[in-house]
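This is what each chain is made of:
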Amino acid sequence: MSAYPIPENEADRQDELDSFHILDSEPDEDFDRITRIASQMLGMPIALISLVDRNRQ
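As a starting point, this report considers the structure included with it. Just so we're clear, the structure is a prediction, and the values are computed from it rather than from any experiment.

**Let's talk about a nonpolar patch on the surface**
Taken together, Ile37, Met41, Leu42 and Met44 make up a surface patch of nonpolar side chains, about 480 Å² in accessible area. Of note, Met41 is situated in helix H2 (residues 29–42). The exposure class of Met41 is exposed, given its relative accessible area of 70%.

**Some points on the side chain of Thr35**
Position of Thr35 among the secondary structure elements: in helix H2. Residue Thr35 is classed as buried on the basis of its relative accessible area, which comes to 16%. Those residues within four positions of Thr35 in sequence are excluded, and the remaining contacts are Ala47, Leu48 and Ile49.

Each value, and the rule that gives it
Residues numbered from 1 in each chain as written. Predicted model: local features only at pLDDT ≥ 70, side-chain atom pairs only at ≥ 80, totals over all residues. Heavy atoms only, no water. Patch = residues over 30% accessible without salt bridge, like charges linked within 9 Å, V, L, I, M, F, W, Y side chains within 5 Å. Areas by Shrake-Rupley, 256 points an atom, 1.4 Å probe, with all protein chains shown as cover. Salt bridge = Lys/Arg side-chain N within 4 Å of Asp/Glu carboxyl O. Helix = DSSP H or I, 4+ residues; strand = E, 2+ residues; numbered from the N terminus. Buried < 20%, exposed > 50% of the residue type's maximum accessible area, 1.4 Å probe, protein only. Contact = heavy atoms within 4.5 Å.

Listed below in structure tokens is the structure:
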């Protein structure tokens, strides 16, 4: 049994993530910009974007 429920469309979600070719990529200014905006809007020192792959986060 899994520690968390796996959605029925998990394979579709994973395929979509794979289609972006962003896992294990170099730093990206677009993601940096999004996290800067999020941290500023929320008044927090940092913000993170987490990509959930088949076996890792």
